[in-house]
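Geometric and topological summary
Take a look at the letters that make up each chain.
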Amino acid sequence: MNEEMNYNGGTNKKKGNVIIVCLTMIILALIGSATVVLLNNNNKDTKKEDQTKKETKQEETTKKEETKEDKEIEVYNPESYRYLIDNLTGKVLCSNYYFEQYKTNKLTNEEILRLVFSELPRENTYLDKKDVYDLSWYDGFGAEVDPDREYETISASKVEKKVKEIFGKNIKWQHKSVEPFVYNKTQKLYVLAKPTGCSAGDELHIIIDKVTQTKNNLYIYTTVSSGIGAESNWREDINIAKGSYRLYFDYVNLNSDKKINTKYVDVPNVKNDDEKIEKAAKKYINENKDKFAKYKYTFEKEDSNYIIKKLEKID
């Protein structure tokens, strides 16, 4: 009897130990699982935090780069960009054609064409009788032309190419006759309708003060003046001493009927000598820049080209 009790007691004790071991293992397993879950969560949180920091850093870097790109940086050789403003200050029949200030989208069709005509060489072309008397030409021209001689012309394709080069591919314009050129639809030519001798015109002086650029824009800062010599004085209301050159402190269109309303100085002892006039004018302007008007040209990069967007007076 005692042996049976001892046996049963031992058995129960062994069972109790097994249960304890099992429970311990379960508890350890639960603790291990919980630990894994916590570690995974911590890792996820850490990764998320790291990703957030990375994204924040990237945003800050991007903003810095954008700020850097938008910052105006002065270029080393400003004169290398003079061709851009020369494209906008050419001559039409010996007279300068220039705008005091404008925005590209405000230019008229006529203004766009006049500027382009200034920058394109003309060719000599024979026109047959049918083309000479094309009804697309303006009234009165047909009666004066001679179909047996050459006329100065500019092809429509060259005009289109130049418009795109100066103003960009999105500028709105169309082919049309603009005095003194007549557009011949048949030949797709602009014909110089009434060639005349040159009248005395004002000279335009543009000094580049500096050129700056950002990623997409180029800015040209200039000092602008214009003038006329005594020997080329063709207006009664302009009284200039002989041998002098009148230098205006701003752009003045002497070839229009507009009243001249700007300050000026007469530079003496230059006579009718273009080289001396240019030298004397530049010398005076550089020594007295604070007296002259300041203009800023804004160009925008389109493909590999800079196109004009705006010209504004800044002083």
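The present account deals with the structure reproduced in this document. (Residues numbered from 1 in each chain as written. Predicted model: local features only at pLDDT ≥ 70, side-chain atom pairs only at ≥ 80, totals over all residues. Heavy atoms only, no water.)

Our next topic: the overall build of the protein chain. The number of helices and strands found in the protein chain is six helices and 14 strands. Per-residue burial over the protein chain gives 37% buried out of 315 residues. In the form shown here, the protein chain has an accessible surface area of approximately 20400 Å², with 49% of it arising from carbon and sulfur atoms. (Helix = DSSP H or I, 4+ residues; strand = E, 2+ residues; numbered from the N terminus. Buried < 20%, exposed > 50% of the residue type's maximum accessible area, 1.4 Å probe, protein only. Areas by Shrake-Rupley, 256 points an atom, 1.4 Å probe, with all protein chains shown as cover.)

Over its twelve residues, helix H5 (residues 156-167) runs 16 Å from end to end, which matches the ideal 16 Å to within 8%, given 1.5 Å per residue. Considered for burial, the residues of H5 that qualify are Ala156, Val159, Lys162, Val163, Ile166 and Phe167. Along the axis of H5, the buried residues cluster in a sector spanning 120°; they form a single face. On its buried side, H5 packs onto helix H3 (109-119), strand E6 (150-155), strand E7 (181-184), strand E8 (189-192) and strand E14 (305-313). Among the residues trailing H5, Gly168 stands out with phi positive, at a value near 95°. (Expected span 1.5 Å × (residues − 1). Arc of directions from axis to C-beta. Contact = heavy atoms within 4.5 Å.)

Summed over all chains, the structure comprises seven aromatic pairs. Every member of this aromatic cluster is reached through a ring pair, and the members are Phe117, Phe181, Tyr183 and Tyr190. (Phe/Tyr/Trp six-rings, centres within 6.5 Å; stacked < 30°, edge-to-face > 60°.)

For the rest of this paragraph, the subject is the sheet that holds strand E5 (residues 123-126). Ordered by their spatial adjacency, four strands build an open sheet running E5-E6-E8-E7, and the pairing between neighbours is antiparallel. Both edges of this open sheet fall to E5 and E7, since each of them pairs with a single strand only. The sheet shows a mean angle of 45° between the axes of neighbouring strands, taken without regard to direction. Where E7 meets E8, four bridges bridge the pair, whose relative direction is antiparallel. Counted as the bridge partner of Phe181 is Leu192 from E8. (Pairing = 2+ DSSP bridges. Axes fitted to C-alpha atoms, helices over the stretch in contact; angles between N-to-C directions.)

Our focus in this paragraph is helix H6 (residues 274-287). Given 3.6 residues to a turn, an α-helix orients residues that are three or four positions apart in the same direction. The first and last C-alpha atoms of H6 sit 20 Å apart over 14 residues, in line with the 20 Å expected at 1.5 Å per residue. Buried residues in H6 make contact with strand E9 (203-213), strand E10 (217-229), strand E11 (245-248) and strand E12 (264-267).

Before going further, it helps to examine the pattern of salt bridges. Taken as a whole, this structure holds twelve salt bridges when the rule is applied. One salt bridge connects Lys158 with Glu123, and the closest N-O pair in it is separated by 2.6 Å. Residue Lys158 is found in helix H5, and its partner Glu123 is found in strand E5; the two are separated by 35 residues along the sequence. Residue classification places Glu123 among the partly exposed positions, given a relative accessible area of 38%. (Salt bridge = Lys/Arg side-chain N within 4 Å of Asp/Glu carboxyl O.)

Of the two faces of E8, both are covered, the one formed by Leu189 and Val191 as well as the one formed by Tyr190 and Leu192. Here three bridges tie E6 to E8, and the two strands are oriented antiparallel to one another. Residue Ile154 lies in a different strand from E8, and its bridge partner there is Tyr190. What sits between E7 and E8 in their antiparallel hairpin is a turn of four residues, with Lys188 showing a positive phi close to 55°.

A few words on the packing of H3 against H5. One way to put it is that H3 packs onto H5 with a least axis distance of 10 Å and a crossing angle of 105°. The orientation of H3 relative to H5 falls into the category roughly perpendicular. Here Ile112, Leu113, Leu115, Val116, Phe117 and Glu119 of H3 lie close against H5, whose contacting residues are Val159, Lys162, Val163 and Phe167. Its residues assigned to classes, the contact of H3 with H5 comprises eight nonpolar, no polar and two charged. (Parallel < 35°, antiparallel > 145°, perpendicular 65-115°, else oblique. Nonpolar A, V, L, I, M, F, W, Y, C, P; charged D, E, K, R; others polar.)

To continue, consider the side chain of Ser155. Here Ser155 is to be found in strand E6. By relative accessible area, Ser155 is classed as buried at 16%. A distance of 3.3 Å separates polar atoms of two side chains, one belonging to Ser155 and the other to Ser157. Beyond its immediate stretch of four places on either side in the chain, Ser155 contacts Lys188 and Leu189. (Polar contact = N/O pair within 3.5 Å; in protein donor to acceptor, adjacent residues only side chain to side chain.)

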